[in-house]
Amino acid sequence: MLYYKKFDHQTSKEWVVFIHGAGGSSAVWYKQLKDFKKQFNLLLIDLRGHGKSVDLPKAIYNEEYTFTAVTEDIIEVLDELQIPPAHFMGVSLGTILVRQLAELEKHRVKSLVLAGAVTRLTTQSRILVFLGNAFKRIIPFMWLYKLFAFVIMPRKQHAESRNLFIQEAQKLCQKEFIRWFKLTKDINPLLRYFKESDLGIPTLYVMGDQDVMFLEPVRHIIKSHKNSILTILEKCGHVVNVERPYEFNHLSLAFIQNHSN
């Protein structure tokens, strides 16, 4: 089973589950822990092959990865810990996974908070994916990952987020990177389906105004999803929870409290 860490609250029955992005780990949520622990029970999970899940006997899986299989890893942890319906928070590719979880088992999800959400691949991101697929077996994966990190988070104030993701990505191995990268072929069909399928789950998108690759598609999706709202943080890039933790925590906590029993 995946590595996880949980924080129990003495009185609250509400749970918040944190899912990181590709190449990252649950360490990406370190600026949320102090504020969220005060009000909720927390569960942080390292995805297969990432963070402390890299050391598990099943970390290198033989079958080709799918978004459903990776999401079912998360569900296995929820079942093991008997986590009740919860609020799910994802960042970057983790937003696809929590949305997939909501699609597979809607009854588990009270609300979604999606930071730096990936809702469609733009022309620029499709070019990146094409280059990655062309060279993923030829050059060291960290070269590719650093290139992606600089393209997605190019500015000086993005440095902390960029460095955190690069640092965590170094725990991956080349084979694991390739398995995750192959998932990119499934992204656009899945995201098109998500766009057409409004589950009616209360959803907060928190995006940076400098997140040039992913902001515009989110603007479009909230027009058709009635229970979704978008908040844009100024002078902020892709990993909003790291760059602007005070504003992100304030917005997210208020949203979750508003959708708690």
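The following refers to the structure shown. This one's a predicted model, so the numbers in the text were calculated from it and none came from an experiment. (Residues numbered from 1 in each chain as written. Predicted model: local features only at pLDDT ≥ 70, side-chain atom pairs only at ≥ 80, totals over all residues. Heavy atoms only, no water.)

1. Details of the nonpolar core
Right, so step 1: Among the nonpolar cores identified, the biggest contains 41 residues, and Leu43, Phe88 and Ile96 are the most heavily contacted of them.
Right, so step 2: Top contributing element to this core by residue count: helix H2 (residues 67–81), with 7 residues.
Right, so step 3: Among residues more than four places away in sequence, those in contact with Phe88 are Val17, Leu78, Val98, Leu101, Arg108, Val109, Ser111, Leu112 and Val113.
Right, so step 4: Ranked by size, the runner-up nonpolar core spans 26 residues in total, among them Leu164, Leu204, Phe248 and Ile256. (Core = buried A, V, L, I, M, F, W, Y, C linked by side-chain atoms within 4.5 Å. Buried < 20%, exposed > 50% of the residue type's maximum accessible area, 1.4 Å probe, protein only. Helix = DSSP H or I, 4+ residues; strand = E, 2+ residues; numbered from the N terminus. Contact = heavy atoms within 4.5 Å.)

2. Remarks on the sheet that holds strand S6 (residues 203–208)
Right, so step 1: Here we have 7 strands laid out as an open sheet, ordered S1-S3-S2-S4-S5-S6-S7, and mixed in their pairing. Edge positions in the sheet fall to strand S1 (4–7) and strand S7 (228–233), since each of these pairs with one other strand and no more. Strand after strand, the sheet turns through a mean of 15° between neighbouring axes, direction not considered.
Right, so step 2: Summarising the sheet, S1 and strand S3 (residues 41–45) pair through 4 bridges and their orientation is antiparallel. Each residue of the ladder has a partner; that of Lys6, found in S3, is Leu43.
Right, so step 3: Along the sheet, H2 contacts S1, strand S2 (15–19), S3 and strand S4 (86–91); its crossing angle with S3, the most-contacted strand, is approximately 140°.
Right, so step 4: Contacts from helix H11 (residues 245–258) reach S2, S4, strand S5 (109–115), S6 and S7, with the element oriented near 165° to S5. (Pairing = 2+ DSSP bridges. Axes fitted to C-alpha atoms, helices over the stretch in contact; angles between N-to-C directions.)

3. Here's the deal with the packing of H2 against helix H3 (residues 93–104)
Right, so step 1: Viewed as axis vectors pointing N to C, H2 and H3 meet at an angle of 75°, and their least axial separation amounts to 9 Å. Here H2 is positioned roughly perpendicular relative to H3, judged by the angle of their axes. Where H2 abuts H3, its residues Phe67, Thr68, Val70, Thr71, Ile74, Ile75 and Leu78 lie against Leu93, Ile96, Leu97, Gln100, Leu101 and Leu104.
Right, so step 2: In terms of residue class, the contact of H2 with H3 is built from 10 nonpolar, 3 polar and no charged. (Parallel < 35°, antiparallel > 145°, perpendicular 65-115°, else oblique. Nonpolar A, V, L, I, M, F, W, Y, C, P; charged D, E, K, R; others polar.)

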